[in-house]
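Breakdown of the fold
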Amino acid sequence: MLRSAFDHVQDWVFDLDNTLYTPEANLFAQIEHKMSGFIMGALNVTAREAAHLRDSYWKNHGTTLAGLMEEHGLDPDPFLEMVHDIDLSGLAPAPELKAAIQALPGRKIVYTNGSRAHAERVLEARGLAGVMDAYFGVEDADYHPKPAGIAFEKVFTRAELRTSAAAMFEDDPRNLAVPHRLGMKTVLVGPHEDADHIHHSTQDLTDFLSRVV
């Protein structure tokens, strides 16, 4: 039954952080620490104020970066370079996940709210670089973040994605609403959440993909 639900899919779009590796790797703790440090320096605020702004911008603007750009006009590139300069030694190669992705028919695409360079580093550490056909970062959406519709529009146009024959895998439920509206199959990678815009959910991406093909 699961296999038949994806029979039509030819473009497989994967988020990166906490999707192509598990939250236990705890990379985002490093990223959040770097974000707070950047905010402290750029806005001359305390660590507590920086943490508050980091979280509130994520909630209200989609990403912390989007909030900094919209509220303060900050240049995104130094921010992205700093916050993604993290230790990836906690990531291990994932040969079973690699095999499951390789077995999927059609194109395999990574689309992250992080930078394209960050995606390349993470996928290299996971042993997944060779199985992906294209990487898209927030810069490819002209720095508009998921879940904004314009972000998906820009990236999917550049990818020449036919949404009626595509699936989206994400750990953030917010980022599946637009793909669902565009006719994509949507899969939440994380704890189950009841929502009309989520078709499937899994906490084991490798197992899920192995049952799709």
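The structure we're discussing is the one just above.
Residues numbered from 1 in each chain as written. Predicted model: local features only at pLDDT ≥ 70, side-chain atom pairs only at ≥ 80, totals over all residues. Heavy atoms only, no water.

Counting residues in hydrophobic clusters, the biggest one holds 48 residues, and the most contacted among them are Phe6, Phe14, Leu20, Phe169 and Leu209. At five residues, helix H2 (residues 27-43) tops the list of elements feeding residues into this core. Excluding residues that lie within four positions of it along the chain, Leu209 makes contacts with Phe14, Leu97, Ala100, Ile101, Leu104 and Phe169. Core analysis: the next-biggest nonpolar cluster, separate from the first, contains 19 residues, Ile109, Ala151, Phe152 and Ala166 among them. (Core = buried A, V, L, I, M, F, W, Y, C linked by side-chain atoms within 4.5 Å. Buried < 20%, exposed > 50% of the residue type's maximum accessible area, 1.4 Å probe, protein only. Helix = DSSP H or I, 4+ residues; strand = E, 2+ residues; numbered from the N terminus. Contact = heavy atoms within 4.5 Å.)

The next thing to look at is the packing of aromatic side chains. Under the counting rule described, the total for this entry stands at nine aromatic pairs. When the centroid spacing of 4.8 Å and the interplanar angle of 20° are considered together, the rings of Phe14 and Phe169 count as stacked. Highlighted residues: Phe14 in strand E1 (residues 11-14) and Phe169 in strand E4 (residues 166-170), separated in sequence by 155 residues. Note on accessibility: Phe14 and Phe169 belong to one class, buried. One aromatic cluster is present, formed by Phe6, Trp12, Phe14, Phe169 and Phe208 through successive ring pairs. In this structure, Lys146 packs its charged tip against the face of Tyr111, placed 4.6 Å from the ring centre. Here the basic side chain of Arg174 rests over the ring of Trp58, its NZ or CZ set 4.0 Å away from the ring centre. (Phe/Tyr/Trp six-rings, centres within 6.5 Å; stacked < 30°, edge-to-face > 60°. Lys NZ or Arg CZ within 6 Å of the ring centre and 35° of its normal.)

Our next topic: the layout of surface pockets. Counted as a void, the largest pocket has a volume near 540 Å³. Taken together, 28 residues form the lining of the largest pocket, with Phe28, Trp58, Gly62, Thr63 and Asn113 sitting closest to its centre. Of all the secondary-structure elements, those providing two or more residues to the lining of the largest pocket are H2, helix H3 (47-61), helix H4 (64-72) and helix H5 (76-83). Top contributing element to the lining of the largest pocket by residue count: H2, with four residues. The computed volume of the second largest pocket comes to approximately 300 Å³. Looking at the second largest pocket, it is lined by 17 residues, and the ones nearest its centre are Thr22, Pro23, Val189, Gln203 and Leu205. Its residues placed into classes, the lining of the second largest pocket shows eight nonpolar, six polar and three charged. (1 Å grid on protein atoms, 1.4 Å probe; cavity = no way out; pocket = protein on both sides within 12 Å on 5 of 7 lines; lining within 4 Å. Points joined across faces, edges and corners; volume = space filled by probe spheres on them. Nonpolar A, V, L, I, M, F, W, Y, C, P; charged D, E, K, R; others polar.)

Turning next to the pattern of salt bridges. Counted by the stated rule, this structure contains 10 salt bridges. The partner of Asp140 in a salt bridge is Arg116, with the nearest N and O atoms 2.8 Å apart. Linking Asp140 in the loop between strand E3 (134-136) and helix H8 (149-159) with Arg116 in helix H7 (residues 116-126), this pair joins segments that are 24 residues apart in sequence. By relative accessible area, Arg116 is classed as partly exposed at 30%. One salt bridge in this structure joins Arg174 and Asp172, with 3.1 Å as the shortest N-O distance. Given a relative accessible area of 27%, Arg174 falls into the partly exposed group. Judged by its relative accessible area of 13%, Asp172 is buried. (Salt bridge = Lys/Arg side-chain N within 4 Å of Asp/Glu carboxyl O.)

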